[in-house]
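Report on the structure
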Amino acid sequence: MNKDNIIKNQSVVPVKPLYVVTGATGSMGRVISKRLVAQDKAVILACRDIYKGSKLAKELKETTSNSDITVMHLDLSSFARVKAFVAELSELNRPVAALINNSAVLTRRRKTSVDGYEYTIQVNFLSTVLLSMLMVPMFQEKGGRIVMTTSLMRNFTSLPYEFPAVNNFVPLTTFAQSKLALTLFSIYMSTTLRTRHVTVNCADPGLINAGMLTLSHWFDKLRDHVGQTLIHNPEDGAIAAMRALESSDTGFIFKGLDRQVKTSSLLKNREVFIKLCNDTMRIIKSEMPS
């Protein structure tokens, strides 16, 4: 058999596109990652705590036949660290199928990020948007999926005129504003990225009984306000994210087993929406390659 025939008979294993999960070691991030790994997807566990990420990767590899799991450090509290993550990811030279923006923080006290923004707003909104925009060129040729994890708390707030600046820090209010901003901005992204065959949807898991809230003294007040029936476990909460990920629709908020609404239904004040998009893109463009 000559060399040409040998080459023809060799099977070429296609490179699997990557599924990037931020906040992968969190309660819902773990569930999403486990479900993707069980589907034999190539998964990037993007997390701030590499030790926890490595422990989760080891667990997933031991409980499944899927070994295509990579742990990467991602710190959304800094634009520079977001860009470092994207640069490291690009070095893998593999197409991306989806980005699941699951990471979020709810801080008890006001903190300022190294970039000068309120910490919660930086992590939950600005850096999440920057990460999403930087990764668009990395999506596979047939397109990709971006999922933004939102929160029902967006329904209990409005965006101040000075946003993304924060003058009066109230933990739950600031968290809610970050999630409202992310949800509204996804409307802009779903519209502008449609021609690139990238879908942008939001996932609303409901109120999750997870560490972010159970460790805080606000949880009981919040539970009393929205009702015990809205409290879900991470497994139930992840349903919305998986539906958003698997859908070919764009510009929707997925809310569970069979519920979805157009994200544009949230638009109450078009002037505020336009200002949010303009101010956000001004910040993001200053951090992106020309």
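Residues numbered from 1 in each chain as written. Predicted model: local features only at pLDDT ≥ 70, side-chain atom pairs only at ≥ 80, totals over all residues. Heavy atoms only, no water.

Looking at the nonpolar core
Core analysis: the largest hydrophobic core is formed by 55 residues, its most contacted members being Val20, Phe85, Leu89, Phe125, Leu131, Met135 and Ile146. Of all the elements, helix 5 (residues 119-135) adds the most residues to this core, at 11 residues. Beyond its immediate stretch of four places on either side in the chain, Leu89 contacts Leu18, Val20, Ile44, Met72, Val96, Met135 and Met138. (Core = buried A, V, L, I, M, F, W, Y, C linked by side-chain atoms within 4.5 Å. Buried < 20%, exposed > 50% of the residue type's maximum accessible area, 1.4 Å probe, protein only. Helix = DSSP H or I, 4+ residues; strand = E, 2+ residues; numbered from the N terminus. Contact = heavy atoms within 4.5 Å.)

Description of helix 5
Under the 1.5 Å per step criterion, the end-to-end length of helix 5 is 22 Å for 17 residues, consistent within 8% with the ideal 24 Å. Along helix 5, 17 of the 17 residues are buried, which leaves the element largely enclosed by surrounding structure. Of the residues flanking the start of helix 5, the one acting as N-cap is Glu118, its side-chain oxygen 2.8 Å from the backbone nitrogen of Thr120. (Expected span 1.5 Å × (residues − 1). Polar contact = N/O pair within 3.5 Å; in protein donor to acceptor, adjacent residues only side chain to side chain.)

Considering the packing of aromatic side chains
As enumerated under the stated definition, the model contains 5 aromatic pairs in all. The interplanar angle of 85° and the centroid separation of 6.2 Å between the aromatic rings of Phe125 and Phe185 together place this pair among those described as edge-to-face. Of this pair, Phe125 sits in helix 5 while Phe185 sits in helix 6 (residues 171-192), and the two are 60 residues apart along the sequence. Under the relative-accessibility criterion, Phe185 is labelled buried at 0%. Grouped by ring-pair contacts, the aromatic residues Phe125, Phe163, Phe185 and Tyr188 constitute a single cluster. Positioned above the aromatic ring of Phe252 is the side chain of Lys262, whose terminal nitrogen or guanidinium carbon lies 4.8 Å from the ring centre. Over the face of the ring belonging to Tyr161 we find Lys275, whose NZ or CZ atom lies 4.6 Å from the ring centre. (Phe/Tyr/Trp six-rings, centres within 6.5 Å; stacked < 30°, edge-to-face > 60°. Lys NZ or Arg CZ within 6 Å of the ring centre and 35° of its normal.)

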